[in-house]
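Coordinate analysis (summary)
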Amino acid sequence: MRRTLGHLVACVGAAMVFVSCTNDAFDPETLPNQPPVARVWVSGPDIQPTSYNDATFYWSGTDIDGTVEGFHVSIADRGMDPSTWTYTDKDESTATYSTDDSGQAFAVLYVVAQDDRGALSDTVSVDIPLINSPPVLEFRADFEPLLESFGAASFDFFGFDLDGNETLLPWVEYRFEGSDPDLVFELDDPLAHPTLGWVREDRPPTRFSLQLREIPPGDPGAAFAQTIYVRIGDVAGSFNVLEHTWTVFEAIGKVLLVDDSLTAVTRDAFYRDALDAALPGAHSRWDIANGLPPRDDDLRLTLEQFELLVWYTGNSESQNLLRAQAVLTQYLTDRDPGTEGDQPGRLLLETPVILGNGSSLSPAFRARFGIANEPLPRNPLATYTGAVEAALGDIDIASEVPELPPLVSDGTNYEGGPGRYFGLSGLDVAADAAALWTFEPYAWGGDRDFSCRPDCMPVVGVRRPATGQANTVLLSFQLEFANALGNAPQAVGAIITDILGFAP
């Protein structure tokens, strides 16, 4: 038995030596190559596998008889065959898409794995819909856009994106009606102007303002209507355009007639005719009876285009004057603070209700017109119909300066009929101002308690400062009712040129 076992061992050993000496080493290349297997999947920024405009694609590959060395990758829109393949050894990529008008895009990823022997896997793909919410653009909640302007306006906007404000592009664009919607200019481009195409400004698109000057007037055939287009966009290529149409008048000349009366039809015609005669074709008119622009900047940018304002109110305290006090104070000090040096504006104001301790206008604002802050006549100076009026005779406005003529009542009142003379009040003139016109010797107060006693001559026209070129002229009577001699329109021209020193 021992011999037999030794013989077996020897035989086995001999056999083992024989095999190791006579067979070639194992070569894997002699076996058929198994192609690799590729897999893909998608991840987005939310729980859902869909994102607002991009997707991160991941892929991997395995090879049972070798290693995966790389991948051939292509991304195409749904329905389109892949046209460009990229070879990479990476295993992920993020693609960004411009969505269509409905805010959607459909991306398809194609992947082919390649192993270490050059074998290719089957093509695998994944189809992922991308959904984008376009940005939202609107006027800021506390802002009321302008209805009328003279070549200058400002607007406040609020923008957001439901996909996250970080997806908004960091700029805004704007243009006017008639410009080319296919042209976009950077702000620093010398040709950039919203009358030519979109003007792009780098600024946060969530809360921003546009302060615009030199706005072209609207079409005269369309009641001077002008439209501004403002848009913001997101990284998906979606835009939101806000349109606003308002009246933009052409700024003619350097004098602005401000109509601040709802009922003074005769005054409208009087001042229009007077300025047409004094400044033919060289003045503008602005009807503010329905209110001023809501923002001080809007009002300031409008007024600063003019060197002189001719402003008349109705027969009750003007809410527009109350609203404009701060802007008018700045205007009279320096009408264009953006330009070096002071450029004081000038103002002719006709109003019967700026006076008295009961006025809502501030003492500082009234002092701008040379009105002292002392008690004044509590009631308008007046005449009456019948025997009393006949006894008084003509009502005269006496001139206190050689540049202005005396004026005579035409016998009508602020309602256009006989009786009560134009509503006017006496002015208490400050030391740095001077009288221009005075009322006739006031001989009768009727049964009312007037502070102005018989034979006084209350001042009804004031200039400030007292000498040199005046900055303001205030009239407390209605000029159109003092035109019996036909010289009241010429008096307007004399105030503008001789008292306020405006050179047409």
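Below, the structure is looked at part by part.

Thresholds applied
- Residues numbered from 1 in each chain as written.
- Predicted model: local features only at pLDDT ≥ 70, side-chain atom pairs only at ≥ 80, totals over all residues.
- Heavy atoms only, no water.
- Salt bridge = Lys/Arg side-chain N within 4 Å of Asp/Glu carboxyl O.
- Helix = DSSP H or I, 4+ residues; strand = E, 2+ residues; numbered from the N terminus.
- Buried < 20%, exposed > 50% of the residue type's maximum accessible area, 1.4 Å probe, protein only.
- Phe/Tyr/Trp six-rings, centres within 6.5 Å; stacked < 30°, edge-to-face > 60°.
- Lys NZ or Arg CZ within 6 Å of the ring centre and 35° of its normal.
- Pairing = 2+ DSSP bridges.

Okay, the pattern of salt bridges next. Inspection of the entire model under this criterion finds 15 salt bridges. Among the ionic pairs, Arg267 bridges to Glu480, the shortest N-O distance being 3.5 Å. Placement of the pair is Arg267 in helix α2 (residues 265-278) and Glu480 in the loop between β25 (472-475) and α7 (488-499), with a sequence separation of 213 residues. Judged on exposure class, the residue Arg267 and its partner Glu480 are both buried. Put simply, Asp156, Arg213, Arg295, Asp297, Arg300 and Glu304 are held in one network by salt bridges that share partners.

What follows is about the packing of aromatic side chains. As enumerated under the stated definition, the model contains 18 aromatic pairs in all. Aromatic side chains Phe157 and Phe208 sit 5.0 Å apart centroid to centroid with 20 degrees between the ring planes, which places their arrangement in the stacked category. Of this pair, Phe157 sits in strand β10 (residues 152-160) while Phe208 sits in strand β14 (residues 207-213), and the two are 51 residues apart along the sequence. Of the two residues, Phe157 and Phe208, neither departs from the other in class, the shared state being buried. Measuring from centroid to centroid gives 5.2 Å for Phe270 and Tyr271, while their planes differ by 80 degrees, and the two rings are edge-to-face. An aromatic cluster of at least three residues, connected via ring pairs, comprises Phe139, Phe143, Phe155, Phe157, Phe208 and Trp246. Stacked on the ring of Trp171, the Lys or Arg Arg200 has its end atom at 3.8 Å from the ring centre.

Right, let's talk about the pairing of strand β17 (residues 255-260) for a bit. In regular strands, side chains alternate between the two faces of the sheet. Counting buried residues along β17, six of its six residues qualify, which places the element largely inside the surrounding structure. Burial of β17 is two-sided: the residues Val255, Leu257 and Asp259 facing one way and the residues Leu256, Val258 and Asp260 facing the other way are all buried. In the sheet, β17 pairs with strand β18 (residues 283-287) via five bridges, with the strands oriented parallel. Within β18, the position partnered with Val258 by the bridge is Trp286. By the bridge criterion, six bridges tie β17 to strand β19 (residues 308-313) in an arrangement that is parallel. The residue bridging Asp259 from the neighbouring strand is Tyr312, located in β19.

From the geometry alone we can't say anything about function, so treat these as descriptive.
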